[in-house]
Structure formats: C-alpha cells, structure tokens
Amino acid sequence: MNKLLNLTLAIVLVVTVLSCKNSTEEPPLLNIGDVIRINDATIADLNDGVPYLCDSEGDIKSLLDEKVGLDVDFSQNVVILIKDVALQGVDKIDADMDYSDGVYDINVKVTMNYTNALDVWCIGVVAPKLDGDATRLNIEYSR
C-alpha cells in the first residue's frame, strides 16, 4: 500500500511540474505579414498616416515612448509602424502587403464603432528587408 501511495504522489508531482508554464517565456517570433496592435500610450511622437520603417529594435525604441517587446528577426525583416486617428472608436484593424515594381503597398482596413469620438491607433507590420524606403500606404475606414 505504501508503494502505491508513493507511486501516486510521484505521478502527481511529475504531472504538476510538466503542466506548469514558465512565466518568463519569450513571445513567439513574429513572421512576415504579422500585424501588431500597439498601445496608444506609446505613440505620441509619430505623425498620422506616415509609415515609419524600423530595421532594428533601437529604431522602434527611438519612436515609441514605451518598450513594446516585438520579437522580430531584424537580420531578415523590418517593422513598419503606422499611426492614424479614426473619427470614431476602432473595433478592428486588418492590414496586408503587396510587393510590385520595388514598392511595398500596405493596405490598412480600419473597422470603426461608435464607442469613442476619436480613437488614436497604431500598428506594426512585419515585412521582409526592403531595398530603400519604398512603401505606399492606403488606409480605408468603414463601419
């Protein structure tokens, strides 16, 4: 009976240890095309409707007031930061990229709701390394 109790306790201990997650795990590596919503408290110095090309963590830190913690492989990718102001509350933001003739077209679709009078928003779009600053931005608002 004592062996059965010890075996049961050992199994419970192993299951408990294996089921606990480490709270210091790194966020997953972001991939090309991923869109990250950035807290509006961090974006005071960005101009509206202007794409900012960031090819290092230092570039991102220089533009944002707080550490965002984007896990991006900057040896192969960049993050394009985009900020704008919606005339109503923002419900959802989608973005996609197209590449043609050496230019990245970034299309942002903002779905609004009636919760706020004005809503400042900012996103980061992960893109492959660019040969220059060739980006065009199109922002579309809808309800």
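As a reminder, the structure under discussion sits directly above these lines.
Given the structure is predicted, the values throughout are model-derived calculations rather than measurements. (Residues numbered from 1 in each chain as written. Predicted model: local features only at pLDDT ≥ 70, side-chain atom pairs only at ≥ 80, totals over all residues. Heavy atoms only, no water.)

**A short note on the packing of aromatic side chains**
Within a pair of aromatic rings, the relevant descriptors are the distance that separates the centres and the angle that separates the planes.
Okay, so step 1: Enumeration according to the criterion identifies one aromatic pair in this entry.
Okay, so step 2: Between Tyr 99 and Tyr 104 the ring centres are 4.6 Å apart and the planes differ by 50°, which places this aromatic pair in the tilted class.
Okay, so step 3: Judged by relative accessible area, which is 10%, Tyr 104 ranks as buried. (Phe/Tyr/Trp six-rings, centres within 6.5 Å; stacked < 30°, edge-to-face > 60°. Buried < 20%, exposed > 50% of the residue type's maximum accessible area, 1.4 Å probe, protein only.)

**Comments concerning the side chain of Asp 105**
Okay, so step 1: Along the chain, Asp 105 falls in strand S5 (residues 103-113).
Okay, so step 2: Classification of Asp 105 by relative accessible area gives buried; the value is 17%.
Okay, so step 3: Looking at Asp 105, its side chain comes within polar contact range of the side chain of Arg 136, at 2.6 Å.
Okay, so step 4: Beyond its immediate chain neighbours, meaning those up to four positions away, Asp 105 contacts Asp 96, Met 97, Asp 98, Ser 100 and Arg 136. (Helix = DSSP H or I, 4+ residues; strand = E, 2+ residues; numbered from the N terminus. Polar contact = N/O pair within 3.5 Å; in protein donor to acceptor, adjacent residues only side chain to side chain. Contact = heavy atoms within 4.5 Å.)

**Thoughts on the side chain of Asp 84**
Okay, so step 1: Within the element layout of this structure, Asp 84 appears in strand S3 (residues 77-86).
Okay, so step 2: One buried charge, Asp 84, has no salt-bridge partner; the nearest side chain with opposite charge is Lys 83, at 7.6 Å.
Okay, so step 3: Only 2.7 Å separates the side chain of Asp 84 from the side chain of Tyr 141, close enough to count as a polar contact.
Okay, so step 4: Residues contacting Asp 84, with those up to four places away along its chain left out, are Asp 48, Gly 49, Asp 119, Val 120, Trp 121, Ile 139 and Tyr 141. (Lys, Arg positive; Asp, Glu negative; His and termini not counted. Salt bridge = Lys/Arg side-chain N within 4 Å of Asp/Glu carboxyl O.)

**Topic: the pairing of strand S6 (residues 119-128)**
Okay, so step 1: In terms of burial, S6 is largely enclosed, as eight of its 10 residues are buried.
Okay, so step 2: Taken together, the three bridges between strand S1 (residues 35-37) and S6 define a ladder with antiparallel strand orientation. Along S6, the bridge assignment pairs Val 35 with Val 125.
Okay, so step 3: Direction of pairing for S3 relative to S6: antiparallel, over a ladder of 10 bridges. Among the inter-strand pairings, Ile 82 is bridged to a residue of S6, identified as Ile 123. (Pairing = 2+ DSSP bridges.)

**A word on the pattern of salt bridges**
Okay, so step 1: Enumeration according to the criterion identifies three salt bridges in this entry.
Okay, so step 2: Two residues, Asp 94 and Lys 92, come together in a salt bridge whose shortest N-O distance is 3.6 Å.
Okay, so step 3: A residue is classified by how much of its surface remains accessible, and Asp 94, at 37% relative accessible area, is partly exposed.
Okay, so step 4: A salt bridge links Asp 105 to Arg 136, with the shortest nitrogen-to-oxygen separation between them at 2.6 Å. Separated by 31 residues along the polypeptide, Asp 105 in strand S5 and Arg 136 in strand S7 (residues 135-142) bring together distant segments of the chain.

**Re the sheet that holds strand S4 (residues 89-100)**
Okay, so step 1: What the three strands build is an open sheet, ordered S4-S5-S7; its pairing is mixed. Edge positions in the open sheet fall to S4 and S7, since each of these has one partner strand only. Looking at each pair of strands side by side, their axes are set apart by 15° on average, direction ignored.
Okay, so step 2: Where S4 meets S5, 11 bridges bridge the pair, whose relative direction is antiparallel. Bridging across to S5, Ile 93 finds its partner in Val 110. (Axes fitted to C-alpha atoms, helices over the stretch in contact; angles between N-to-C directions.)

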